[in-house]
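Structure at a glance
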Amino acid sequence: MGAVQSSPLALTTADACFIPVASALLPPRASSHVAKPRSNSFLSGRIRRVDEILEPPVSKFTSPVAQNPIFPRCLPLKCVRSEMEAKNDEAAGKPTSGFVEIDQGLIDQMVYDALVWSSLHGLVVGDRNVNRSGKVPGVGLTHAPFALLPISFPESQFREACELAPIFNELVDRVSLDGKFLQDSLSRTKKVDAFTSRLLDIHSKMMEINKKDEIRLGLHRSDYMLDEQTKLLLQIELNTISSSFSGLGCLVSELHRSLLSHYGETLGLDPRRIPTNAAVSHYAEALAKAWIEFNNLKATVLVVVQTEERNMYDQHWLSSVLRERHNVRSIRKTLAEIDAEGELQPDGTLLVGGVPVAVIYFRAGYTPNDYPSESEWRARLLMEESSAIKCPSISYHLAGTKKIQQELAKPNVLERFLENKEDIAKIRKCFAGLWSLEDPHIVGKAIESPELFVMKPQREGGGNNIYGDDVRETLLRLQREGSEEDAAYILMQRIFPSISPTTLIRDGICYKDHAMSELGVYSAYLRNKENVIVNEQCGYLMRTKISSSNEGGVASGFAVLDSLYLT
């Protein structure tokens, strides 16, 4: 029987994010009226949906924001709602209370307080300008990039995303058990994508020796955007490996709650509308429960890391909570170090540096860059062959690939893995349009209207997707060459979320621009044989990026961390 889910809106101190400063030290929360969500009225009617691509072509959507990679310096911000929305409401006879202009002095004070809070509470990353910042803890720190105020988001859609989390957990587990489905679905991709091919080779070897993982652990994050025109919550991707920012993401929620406790009355914002984000606590608890199931008090949690990791503090938050709340220690090793120090015992126990490993938590291994030599691939195979609990296992990793996401969106495929018709309907409702490049009809439409599509390769992390005119050029090149390289990509409907004025802080500098946001919902799944021990949503991640940017990764420099203001 799975763990009982806590309400995603619970605001109890006991469930609050683990931080060194007690919540009781914060001033009393202000009690103010709740402002209305910001809208994107100036975009209304100017973006076609993918389900309208059969209609005669219309002019492309042109962003109102200049295509400038450098944010303009901070200007007075219209809080909560755009000035245009306020004027539209006034013209329509709607109340405009809550529309507050924030003067520059108040913004400067909030920015200063936010930067101090970030420094005191560990909302930090490595500074790219300091050479050793990605290798030596405490050297070259800077605050993580963040939005000054939380983003408005409908409470109903947030609840919907939270309710989907345990269903997707079950789906991933079921898909991972169907080795033939994984191998067949990725067979064409294997021919043209060397990285996916190597992953499939390891998976195939596990199938050949009939390797069974009785204890299965997944720490996932499903990412969504709220489509402005349809108001549908649409899934962008499901991350089954290295779901980052469980530590820093919940700190941003605490930062915003702290700011609104001080300035909420002036801004017309209620800090209680920011849902508690306990992702790091729930993730640590799931890892600890997996460690208990392994049943070896001398064993450790192995965190697989990259050689240089400026986002190490997000990872250290998780390790710190794991140690201080659950008395479970962890060690950090690169793939090369695991190859050099790893040893497989006759009973399947993995030793690294002579220490037995209970759980392997991957924060690396999801990109070809993590495998510069055969040493790293040997380490990945060694870990997979061991009896240690993998998070993720090779089958969980493959279940999260873009191609599998596209396959699951096909008619009648979900029914292969799930029995509950309501669950199937909920998942299908959040699927955006997903297509194989084997479909000449949809490829033709993407060439005709590339602004409505995104080309995605089998890669994790920011900076890999293809947008706009590059979609057309890539598709035309693939047609000319007539190769099977098209199997390395899928086509996805491009989602157009609402755009709102936002203040962003990066490197201690305040910027204002129009921005859009992406919601990620964390979840944990743990079972031992047929006993489901954990299946729950664990918290959330908001990432906000300027609307002129296509990519959305925080670590890769495209976005900032944010939190939710429920409306």
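These numbers come from a predicted model, not from an experiment. (Residues numbered from 1 in each chain as written. Predicted model: local features only at pLDDT ≥ 70, side-chain atom pairs only at ≥ 80, totals over all residues. Heavy atoms only, no water.)

This part covers the packing of aromatic side chains. Tallied over the entire structure, the rule returns 7 aromatic pairs. Ring centres of Phe-195 and Tyr-371 lie 5.8 Å apart, and the angle between their planes is 50°; on these two criteria the pair is classed as tilted. Linking Phe-195 in helix H6 (residues 194-208) with Tyr-371 in the loop between strand S13 (355-362) and helix H11 (374-385), this pair joins segments that are 176 residues apart in sequence. Aromatic rings pair up to connect Phe-195, Tyr-371 and Trp-377 into one cluster. (Phe/Tyr/Trp six-rings, centres within 6.5 Å; stacked < 30°, edge-to-face > 60°. Helix = DSSP H or I, 4+ residues; strand = E, 2+ residues; numbered from the N terminus.)

One pass over the full model with this rule turns up 35 salt bridges. For Arg-221, the salt bridge is made with Asp-223, and the minimal N-O distance between the two is 2.8 Å. A network of salt bridges, in which partner residues are shared, links Arg-221, Asp-223, Glu-518 and Arg-543. (Salt bridge = Lys/Arg side-chain N within 4 Å of Asp/Glu carboxyl O.)

It is worth spelling out the packing of helix H15 (residues 440-448) against helix H16 (residues 469-481) at this point. Interhelical geometry of H15 versus H16 gives an angle of 135° and a closest axis separation of 8 Å. On the basis of their axis angle, the class for H15 and H16 is oblique. Where H15 crosses over H16, the two elements pack in a sense that is left-handed. Only Val-471, Arg-472, Leu-475, Leu-476 and Gln-479 of H16 make contact with H15, whose side of the interface consists of Val-443, Ala-446, Ile-447 and Glu-448. Residue classes in the contact of H15 with H16 are distributed as 6 nonpolar, 1 polar and 2 charged. (Axes fitted to C-alpha atoms, helices over the stretch in contact; angles between N-to-C directions. Parallel < 35°, antiparallel > 145°, perpendicular 65-115°, else oblique. Left-handed = near helix turned anticlockwise from the far one by under 90°. Contact = heavy atoms within 4.5 Å. Nonpolar A, V, L, I, M, F, W, Y, C, P; charged D, E, K, R; others polar.)

Here the focus is the pairing of strand S18 (residues 500-506). Of all the 7 residues making up S18, 6 are buried; the element is thus mostly covered by neighbouring parts of the structure. Relative to S18, strand S5 (residues 146-147) is paired through 2 bridges, and the arrangement is antiparallel. The residue of S18 that forms the bridge with Ala-147 is Leu-504. Bridge count between S18 and strand S19 (residues 509-528): 7 bridges; the pairing is antiparallel. Each bridged residue has a counterpart across the sheet, and for Pro-501 the counterpart in S19 is His-514. (Buried < 20%, exposed > 50% of the residue type's maximum accessible area, 1.4 Å probe, protein only. Pairing = 2+ DSSP bridges.)

Right, let's talk about the sheet that holds strand S17 (residues 489-493) for a bit. If you walk across this open sheet you meet the 3 strands as S15-S17-S16, and the pairing is antiparallel. The open sheet has two edge strands with one neighbour each: strand S15 (434-436) and strand S16 (453-457). On average, each strand axis in the sheet is inclined to that of its neighbour by 30°, with strand direction left out of account. Examined bridge by bridge, S15 and S17 share 3 bridges and lie antiparallel to one another. Each bridged residue has a counterpart across the sheet, and for Trp-435 the counterpart in S17 is Leu-491. Set on the sheet, H16 makes contact with S16 and S17; between it and S16 the angle comes to about 60°.

Moving on, we come to helix H2 (residues 104-121). An α-helix turns once per 3.6 residues; consequently, residues spaced three or four apart project the same way. With 18 residues, H2 ought to run about 26 Å at 1.5 Å a step, and its terminal C-alpha atoms sit 26 Å apart, in line with that. One side-chain oxygen at the N-terminal end of H2 lies 3.1 Å from the backbone nitrogen of Gly-105; it belongs to Asp-103. Of the residues one or two after H2, Gly-122 is the one with positive phi, at around 80°. (Expected span 1.5 Å × (residues − 1). Polar contact = N/O pair within 3.5 Å; in protein donor to acceptor, adjacent residues only side chain to side chain.)

Considering the arrangement of structural elements, one finds Ser-436 in strand S15. Judged by its relative accessible area of 11%, Ser-436 is buried. Within polar-contact distance, the side chain of Ser-436 engages the backbone nitrogen of Glu-438 at 3.0 Å. Contact partners of Ser-436, with chain neighbours within four places excluded, come to Lys-403, Gln-406 and Ile-442.

This brings us to the nonpolar core. Leu-217 and Leu-408 are the most contacted members of the largest nonpolar core, which totals 129 residues. Contacts of Leu-217, omitting those with residues within four sequence positions, involve Ala-286, Leu-287, Ala-290, Val-359, Ile-389, Lys-390, Cys-391, Pro-392, Tyr-396, Tyr-525 and Leu-526. Core analysis: the next-biggest nonpolar cluster, separate from the first, contains 17 residues, Ala-446, Ala-488, Tyr-489 and Phe-496 among them. (Core = buried A, V, L, I, M, F, W, Y, C linked by side-chain atoms within 4.5 Å.)

To continue, consider a nonpolar patch on the surface. Taken together, the side chains of Tyr-112, Val-116 and Leu-120 make up a nonpolar region of the molecular surface, amounting to roughly 330 Å² of accessible area. Here Val-116 is to be found in helix H2. In this structure Val-116 comes out as partly exposed when scored by relative accessible area, which is 36%. (Patch = residues over 30% accessible without salt bridge, like charges linked within 9 Å, V, L, I, M, F, W, Y side chains within 5 Å. Areas by Shrake-Rupley, 256 points an atom, 1.4 Å probe, with all protein chains shown as cover.)

Further remarks concern the confidence of the model for the protein. Predicted coordinates in areas of low pLDDT are best not read in detail. Here the protein averages 83 in pLDDT, and 80% of its residues register 70 or above. The low-confidence segment residues 1-100, where pLDDT is below 50, has 238 contacts with residues more than four positions distant or belonging to other chains. (pLDDT = per-residue confidence, 0-100.)

Looking along the chain, the bond that leaves Cys-391 and enters Pro-392 is cis, with omega of 10°. Topologically, Pro-392 is positioned in the loop between strand S14 (389-391) and helix H12 (394-399). One non-glycine residue, Lys-231, lies in the positive phi region at around 65°. Residue position: Lys-231 is located in the loop between strand S7 (215-226) and strand S8 (233-239). Unusually for a residue other than glycine, Asn-295 sits at a positive phi of about 65°. Here Asn-295 falls in the exposed class, since its relative accessible area comes to 68%.

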